Amino acid sequence: MEKKDNTPLWVFLAFSSINSRKAALILIWACVLFTVYCIPWPLFFQDNEWIKKLFLIDDWSWLAMMMPMIIWYWLSLRWADRNNAWDD
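Computed from a predicted structure; not experimentally measured.

Conventions and cut-offs
- Residues numbered from 1 in each chain as written.
- Predicted model: local features only at pLDDT ≥ 70, side-chain atom pairs only at ≥ 80, totals over all residues.
- Heavy atoms only, no water.
- Helix = DSSP H or I, 4+ residues; strand = E, 2+ residues; numbered from the N terminus.
- Expected span 1.5 Å × (residues − 1).
- Buried < 20%, exposed > 50% of the residue type's maximum accessible area, 1.4 Å probe, protein only.
- Contact = heavy atoms within 4.5 Å.
- Arc of directions from axis to C-beta.
- Salt bridge = Lys/Arg side-chain N within 4 Å of Asp/Glu carboxyl O.

Side note on helix α5 (residues 61-82)
Here is step 1 of the chain: For α5, with 22 residues, the first-to-last C-alpha span of 33 Å sits near the 32 Å given by 1.5 Å per residue.
Here is step 2 of the chain: Taken together, the buried positions of α5 are occupied by L63, M66, I70, Y73, S76, L77, W79 and A80.
Here is step 3 of the chain: Buried-residue contacts for α5 involve α1 (9-14) and α2 (21-38).
Here is step 4 of the chain: Trailing α5 by a residue or two, N84 shows a phi angle of about 50°, which is positive.

Shown next as structure tokens:
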């Protein structure tokens, strides 16, 4: 995304290296998947050893960091869509 005169800085910083809406959606969905992974699943399933080995995160800090990022990316995508900011 190229910065235009009406593009807010927060939108430009979110998608400065993203060139298309499809790539922005891939970024957002990758963040959503990682956020689901960041839920401390071992706290809910303490009996299963394979869950403790697969899901290494056992606190809420990663989830707390990922949620504002997803909201920021989603709001940036929404702004870009409403203002025809994509080149393609």
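With respect to α2
Here is step 1 of the chain: The terminal C-alpha atoms of α2 lie 25 Å apart, and with 18 residues this matches the ideal 26 Å at 1.5 Å per residue to within 8%.
Here is step 2 of the chain: All of the buried residues in α2 are A24, I28, C31, T35 and C38. The buried residues of α2 occupy an angular sector of 75° when the element is viewed end-on, so they sit on one face. Turned more than 90 degrees off the buried face of α2, the exposed positions are K22, I26, W29 and L33.
Here is step 3 of the chain: In this structure, the buried residues of α2 make contact with α5.

Quick look at the pattern of salt bridges
Here is step 1 of the chain: Counting across every chain of the model gives one salt bridge.
Here is step 2 of the chain: Among the ionic pairs, D81 bridges to R21, the shortest N-O distance being 2.9 Å. On the criterion of sequence distance, the pair formed by D81 in helix α5 and R21 in helix α2 is long-range, its members being 60 residues apart.

A short note on the side chain of T7
Here is step 1 of the chain: Here T7 lies in the segment before α1.
Here is step 2 of the chain: The residues contacting T7, other than those within four sequence positions of it, are E2, F12 and W79.

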